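So the chains spell out like this:
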Amino acid sequence: MIDREYEALEAAFREALAARGIVTDAEIAERVEVLYGRTPELGGRVVARAWFDPAYKTRLLADGSAAVRELLDLDIGTLKLVVVENVPGVHNVIVCTLCSCYPRMLLGVPPDWYKSVTYRARVVRDPRGVLEEFGLALPPGTAVRVHDSTADMRYIVLPARPVGSEHLDEAACAALVTRDAMIGVAVPSLQS
Amino acid sequence: MSAPCFHAGDRVRVLDLARTGHVRTPRYARGKCGVVERVCGVFGNPEELAYGRWNGAPIPLYRVRFRLADVFPSGAVEAGARDDSDHDTIDVELYESWLAPETTA
């Protein structure tokens with residue numbers, strides 16, 4: 001019933017904005033369509049390019065938003081993207097403990113579990129336990145870096161290119177990069 | 001006003017301010033000490049923007065890195081059985097008005 005309550009609130013708010021001429025229904029519909037048109041496949045292309053082009057990777061880590069615009073010719077609005085790289089000895093994972101901030105303009109709609117109170121509360125207190133539940137076993141000697149998107153930045157993880165993918169081209173590698181790998185609760189594998 | 005007071009590598013303490021409203025400083029970080037990982041730039045203050053006050057000066061935003069064990073001591077006990085958790089960290093975005101140099105009490 002809570003969902004229906006929020007639905008009613010959202011509708012009332014949207015109608016009030018339209019009635020006052022602040023936004024039109026058409027503008028809202030257009031933004032919704034843009035958002036639903038974004039999928040993790042876009043992020044996968046960014047990651048794969050970084051795997052294949054070290055100079056691109058350098059630019060991506062220095063300024064994520066500029067590097068995404070350069071590669072995808074995509075309207076990402078005011079997105080301030082920070083890309084955090086998994087390297088031997090360091091694994092990154094993303095959360096928004098205060099609400100559900102997520103790089104929607106690049107990856108689209110977040111999964112429900114990302115927005116759940118359980119994930120948000122637990123991944124900061126016991127990231128290793130949560131990663132274990134996702135089926136992710138970290139190599140010994142790996143430190144976990146949790147990133148809490150509390151303000152204006154949005155994050156994706158640049159995972160490591162999987163061992164055994166050496167014979168694959170860039171497009172095939174991009175297909176290995178899952179949404180969960182870019183959140184940091186998984187790593188790309190040849191089985192995915 | 002908007003030139004950042006802190007720089008990457010500076011040790012800072014998060015203030016425990018009794019502010020209400022659209023505050024973006026998680027409770028778990030308040031009173032804790034960490035290291036500035038980077039200066040993110042200057043941004044509108046959400047504590048003002050959320051209430052329709054658009055004219056305030058933009059304020060510096062930082063990413064501050066904390067040892068996870070400093071922020072969640074009890075979590076560290078739970079994780080004690082797990083390997084390598086000693087070096088685990090958490091990065092949080094914090095606005096300048098919530099930060100002080102670590103050396104101040």
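This one's a predicted model, so the numbers in the text were calculated from it and none came from an experiment.

Cut-off values and rules
Residues numbered from 1 in each chain as written. Chains lettered and ligands numbered in written order. Predicted model: local features only at pLDDT ≥ 70, side-chain atom pairs only at ≥ 80, totals over all residues. Heavy atoms only, no water. Buried < 20%, exposed > 50% of the residue type's maximum accessible area, 1.4 Å probe, protein only. Helix = DSSP H or I, 4+ residues; strand = E, 2+ residues; numbered from the N terminus. Arc of directions from axis to C-beta. Contact = heavy atoms within 4.5 Å. Polar contact = N/O pair within 3.5 Å; in protein donor to acceptor, adjacent residues only side chain to side chain. Pairing = 2+ DSSP bridges. Axes fitted to C-alpha atoms, helices over the stretch in contact; angles between N-to-C directions.

Chemist: What is the right way to look at helix α5 (residues 64-72) of chain A in this model?
Modeler: Count 3.6 residues to each turn of an α-helix, and residues three or four apart come out pointing the same way. Residues and elements named next belong to chain A. Within the span of α5, buried status applies to Gly64, Ser65, Ala67, Val68 and Leu72. The buried residues of α5 all sit within an arc of 165 degrees when viewed along its axis, so they share a single face. At its buried positions, α5 is contacted by α3 (40-52), α4 (54-62), β1 (80-85) and α6 (104-107). Measuring from the side-chain oxygen of the N-cap residue of α5 to the backbone nitrogen of Ser65 gives 3.3 Å; that N-cap residue is Asp63. Once α5 finishes, Asp73 follows within two positions and takes phi at roughly 50 degrees, a positive value.

Chemist: Help me out: how do you make sense of the sheet that holds strand β3 (residues 143-148) of chain A in this one?
Modeler: Across a sheet, strands are paired by hydrogen bonds formed along the backbone, either parallel or antiparallel in direction. One open sheet accounts for 7 strands, arranged β2(A)-β3(A)-β4(B)-β3(B)-β2(B)-β1(B)-β5(B); its pairing is mixed. One side of each edge strand has no neighbouring strand; the edge strands of this open sheet are β2 (90-95) of chain A together with β5 (99-101) of chain B. Along the sheet, successive strands turn relative to each other by an average axial angle of 35 degrees, direction set aside. The strands touched by helix α8 (residues 117-125) of chain A within the sheet are β2 and β3 of chain A together with β4 (89-95) of chain B, with β2 of chain A carrying the most contacts at an inclination of about 150 degrees.

Chemist: Sorry, what's going on with the pairing of strand β3 (residues 59-67) of chain B here?
Modeler: All names here are of chain B. Most of β3 is tucked away: 8 of the 9 residues are buried. Across 7 bridges, strand β2 (residues 33-43) lies against β3 in antiparallel orientation. Within β3, the residue paired with Gly41 across the bridge is Leu61. Pairing of β3 with β4 involves 7 bridges; the strand directions are antiparallel. Within β4, the residue paired with Arg63 across the bridge is Glu93.

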